[in-house]
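Here is what each chain is made of, one letter per residue.
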Amino acid sequence: MKLSPLVHQFFDQYLPHTKGVSYHTVQTYRDAFRLFLPFAASFYTIKVKSLRVEHISTEVIIAFLEGLENERKNLVNTRNQRLAALKSFAKMIRFMHPEKQEVANTILNIPQKRSQKRLIGFLYQDEMLKLFQAVDLKRKEGLRDYALLHFFYYSGARSSEI
């Protein structure tokens, strides 16, 4: 089964109508496929139009993901987003073309790479004092800002919680 009609079906029907994803998600997935399809074609030394569903294997996807990290210097989060696009495509294949379920399952079984979470930063006491002193109390907003800073500092709350 040729891959190009499935890709069109994925972007024209499945994502916007069946899944109801946002415009931005479609654009992100489109970017992933713009990178993946030429990579897969060069991996097999064929043209993009000649790609078949059977060409999407674990081997080519892992090589693609490693290339994103090593050659394009993408972060693990970006790599995982590209993989999510391919997994969504596999879900569409499994849903709309059950006869190709084996190919879809191999794609869905590729694990995401774990990434290090950023540490939440904080200010030391002397840095907070400098921040308090930087507020201009002569301005109309100064007293408000000063009160908010003190409230954040003494309550230990994050801005999203306030």
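For clarity, every value in this text was computed on a predicted model and none was experimentally measured. (Residues numbered from 1 in each chain as written. Predicted model: local features only at pLDDT ≥ 70, side-chain atom pairs only at ≥ 80, totals over all residues. Heavy atoms only, no water.)

## Some details on the layout of surface pockets
There is about 230 Å³ of room inside the largest pocket. The wall of the largest pocket is formed by Leu 3, Ser 4, Val 7, His 8, Phe 11, Arg 30, Phe 33, Arg 34, Leu 37, Val 48, Lys 49 and Leu 51. When residues of the lining of the largest pocket are traced back to their parent elements, those giving at least two are α1 (4-19) and α2 (23-43). Here the lining of the largest pocket is composed, by residue class, of 7 nonpolar, 2 polar and 3 charged. (1 Å grid on protein atoms, 1.4 Å probe; cavity = no way out; pocket = protein on both sides within 12 Å on 5 of 7 lines; lining within 4 Å. Points joined across faces, edges and corners; volume = space filled by probe spheres on them. Helix = DSSP H or I, 4+ residues; strand = E, 2+ residues; numbered from the N terminus. Nonpolar A, V, L, I, M, F, W, Y, C, P; charged D, E, K, R; others polar.)

## Re the pattern of salt bridges
One pass over the full model with this rule turns up 7 salt bridges. Between Arg 79 and Glu 69 there is a salt bridge, and its shortest N-O distance comes to 3.1 Å. In this pair, Arg 79 is assigned in helix α4 (residues 76-96) and Glu 69 in helix α3 (residues 58-70), connecting sequence segments 10 residues apart. You can call Arg 79 buried: its relative accessible area is 8%. Arg 139 is paired through a salt bridge with Glu 141; the nearest N and O atoms lie 3.1 Å apart. (Salt bridge = Lys/Arg side-chain N within 4 Å of Asp/Glu carboxyl O. Buried < 20%, exposed > 50% of the residue type's maximum accessible area, 1.4 Å probe, protein only.)

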